[in-house]
Amino acid sequence: MEDKDFCEGCGQSNLYHLSMWLEELTSHILPPLKLSQKIDVFLDVLLEKIFTVTGFAKFTTNYNHSDIQLRSAYFIDEMKKRGAVFRVLQSVFGFTNHFKMEIGDKVIRFDTLPTVDFASKFTSAIVDDKELAKRHCEKGGFPTAKGQAFWFWQKKKAVLFAQHIGFPLVVKPRGGSFSHHVTTNIQDKKHLGEAIVHAIIYSPTFIVEKYIPNAFVYRATVINFDFVVCVQQVPANIVGDGILTIRKLIDQKNDDPRRGQPNQKQFTLYEIVENKMTQMLLAEKGYNYKTVPEKGEIVYLQKDPFLKLGGDLIEITPKVHKDNLKLFTDLARFFDIRVTGIDFLTRDVAISWKNQPCAILELNSVPCIELHHSPSSGTPTNPAGALASMFSKYYL
């Protein structure tokens, strides 16, 4: 498939955009249902039989890490140590995120990760819907950025709201993950309009909210209310050694075997993307690709910390202030969710959230645990192990 068939903003196909639109429209039209574990299992088995009997899909043990999501792969590897056997559902279009695990005399089915949804008093919608999550956070007194959600036909209303709360701003799809089609640090009406169009390519609803400058994005993962780990997301950069040019330093970093392309599922880190933003950031410093940065000098090549642009992940759990760790566990308990990823924006996670500007950006019910297993620096942690222990408590 040619590059034109894929979106530059997220690396996904146009068909994926359509599926996101349909998913969003369906979720807002149909009320979220809270099903019991038994009904969930019954529906899973029924769908499996329909797909397998019709030849549309089959279960197989013949798959690689590159065939499935990396967060699933880490959990599967951890459970295999405990004697579990896994099968993945493979359709005529390729591998899905639906798994069947056999351990002892039990068969457990799950999508991507087992998240114990049945034990929560809420549906996952309140977590994964950024607008609902924001309002629920406000009810609990948790820090949020001022913002509001709009439908794709409400562009003018969104612009008026933006002018009311003032620039700088962020525009992001109401649903989705991986920072797809998010625009940050919007400074004027022109770029606001462009950001809205960019967001609604991906989703029929979008959020406009205040941007907190000079802050970093931290991803905390909380499992079963007590296991907490945290990584810092840093924009794509190189560090000078006083010898190599910026060009050589970029090539050297991209040659790291841990870095791949955004469409390769077996990677967490990706090669640095060079674009107009890169040129602008270098020009602001009076640099070009032939410049030799001083030893220890950090040169940023993107302004956003997105992994798809070549951003770094720094494991910083030991440095997180105890108030912030408590904030993350309190948040998980307030949402009554036993597995969650929390995007937290603040200037310094080593300082209490009570003493600096900060915001809970969003929560995810199926967190990217691979971020903690494969950071670019810092000691990796093992949320897959904690997830496996939680799994044994609730499923076995």
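Data block above holds the structure.
Residues numbered from 1 in each chain as written. Predicted model: local features only at pLDDT ≥ 70, side-chain atom pairs only at ≥ 80, totals over all residues. Heavy atoms only, no water.

**Quick word on the overall build of the protein chain**
Here is step 1: The helix and strand inventory of the protein chain stands at 12 helices and 17 strands.
Here is step 2: Taking all 396 residues of the protein chain together, the buried fraction comes to 49%.
Here is step 3: Residue pairs in contact within the protein chain that sit at least 24 positions apart in sequence constitute 70% of those at least 6 positions apart.
Here is step 4: Of the roughly 19,400 Å² of accessible surface on the protein chain, 56% is carried by carbon and sulfur atoms. (Helix = DSSP H or I, 4+ residues; strand = E, 2+ residues; numbered from the N terminus. Buried < 20%, exposed > 50% of the residue type's maximum accessible area, 1.4 Å probe, protein only. Contact = heavy atoms within 4.5 Å. Areas by Shrake-Rupley, 256 points an atom, 1.4 Å probe, with all protein chains shown as cover.)

**Considering the pattern of salt bridges**
Here is step 1: One pass over the full model with this rule turns up 19 salt bridges.
Here is step 2: Across the pair Arg219 and Asp343 runs a salt bridge whose closest N-O atoms are separated by 2.6 Å. On the criterion of sequence distance, the pair formed by Arg219 in strand β9 (residues 216–223) and Asp343 in strand β16 (residues 339–346) is long-range, its members being 124 residues apart.
Here is step 3: Exposure remark for Asp343: the relative accessible area of 10% places this residue in the buried category.
Here is step 4: Asp330 is the salt-bridge partner of Lys326, the closest N and O atoms lying 2.7 Å from each other. Highlighted residues: Lys326 and Asp330, both in helix α10 (residues 322–335), separated by four residues, approximately one helical turn.
Here is step 5: With a relative accessible area of 27%, Asp330 lands in the partly exposed category. (Salt bridge = Lys/Arg side-chain N within 4 Å of Asp/Glu carboxyl O.)

**A look at the nonpolar core**
Here is step 1: Core analysis: the biggest nonpolar cluster contains 27 residues, and Ile68, Phe75, Met79, Phe86, Met101, Leu387 and Phe391 have the highest contact counts within it.
Here is step 2: Breaking this core down by element, the ones donating at least two residues are α3 (70–80), β2 (85–91), β3 (94–103), β4 (106–111) and α12 (383–395).
Here is step 3: No other element matches the seven residues that α12 contributes to this core.
Here is step 4: Core analysis: the second largest hydrophobic core is formed by 25 residues, Phe142, Ala220, Phe225 and Phe335 among them. (Core = buried A, V, L, I, M, F, W, Y, C linked by side-chain atoms within 4.5 Å.)

**Here we look at the sheet that holds strand β6 (residues 169–173)**
Here is step 1: If you walk across this open sheet you meet the four strands as β5-β8-β6-β7, and the pairing is antiparallel. Of all strands in the sheet, those bounded by a partner on one side alone are β5 (147–151) and β7 (183–186). Averaged over all pairs of adjacent strands, the angle between their axes in this sheet comes to 20°, without regard to strand direction.
Here is step 2: One ladder, built from five bridges, connects β6 with strand β8 (residues 205–210); its direction is antiparallel. In the strand pairing of β8, Leu169 is matched with Lys210.
Here is step 3: Set on the sheet, helix α5 (residues 130–139) makes contact with β5, β6 and β8; between it and β5 the angle comes to about 150°.
Here is step 4: Where helix α6 (residues 155–165) meets the sheet, it contacts β5, β6 and β8, and its direction lies at approximately 170° from that of β5. (Pairing = 2+ DSSP bridges. Axes fitted to C-alpha atoms, helices over the stretch in contact; angles between N-to-C directions.)

**Thoughts on the packing of α6 against helix α7 (residues 189–202)**
Here is step 1: Packing of α6 against α7 brings their axes to within 11 Å, and their N-to-C directions diverge by 135°. Classified by the interaxial angle, the pair formed by α6 and α7 is oblique. In this structure, α6 crosses over α7, and the sense of that crossing is right-handed. Along its contact with α6, which presents Lys155, Ala158, Val159, Ala162 and Gln163, the element α7 presents Lys189, Leu192, Ile196, Val197 and Ile200. (Parallel < 35°, antiparallel > 145°, perpendicular 65-115°, else oblique. Left-handed = near helix turned anticlockwise from the far one by under 90°.)

**Notes on the packing of aromatic side chains**
Any pair of aromatic rings gets described here by the distance separating the centres and the angle formed by the planes.
Here is step 1: Here the structure, examined in full by the defined rule, presents 15 aromatic pairs.
Here is step 2: Aromatic side chains Phe86 and Phe110 sit 6.3 Å apart centroid to centroid with 85° between the ring planes, which places their arrangement in the edge-to-face category. Placement of Phe86 in strand β2 and of Phe110 in strand β4 is noted, with a sequence separation of 24 residues between them. Judged on exposure class, the residue Phe86 and its partner Phe110 are both buried.
Here is step 3: For the pair Phe150 and Phe161, a centre-to-centre distance of 5.7 Å together with 55° between the ring planes defines the contact as tilted. Remark: Phe161 occurs in helix α6 and Phe150 occurs in strand β5; sequence separation between them is 11 residues. Considered together, Phe150 and Phe161 belong to a single accessibility category, that of buried residues.
Here is step 4: Three or more aromatic residues link up through ring pairs in this structure, and these residues are Phe75, Phe86, Phe99, Phe110, Phe118, Phe391 and Tyr395. (Phe/Tyr/Trp six-rings, centres within 6.5 Å; stacked < 30°, edge-to-face > 60°.)

**Overview of the pairing of β3**
Here is step 1: Here β2 pairs with β3 via six bridges, running antiparallel. Each residue of the ladder has a partner; that of Val85, found in β3, is Glu102.
Here is step 2: What sits between the antiparallel neighbours β2 and β3 is a turn of two residues.
Here is step 3: Pairing analysis gives six bridges linking β3 to β4, with the strands arranged antiparallel. Paired with Met101 across the two strands is Ile108, which belongs to β4.

**Re unusual backbone geometry**
What is expected of a backbone is that most residues other than glycine have negative phi and most peptide bonds are trans.
Here is step 1: For the bond from Phe167 to Pro168, the omega torsion is 0°, close enough to zero to count as cis.
Here is step 2: Here Pro168 shows up in the loop between α6 and β6.
Here is step 3: Phi is positive for Phe225, close to 70°, though the residue is something other than glycine.
Here is step 4: Summarising the element assignment, Phe225 is placed in the loop between β9 and β10 (227–234).

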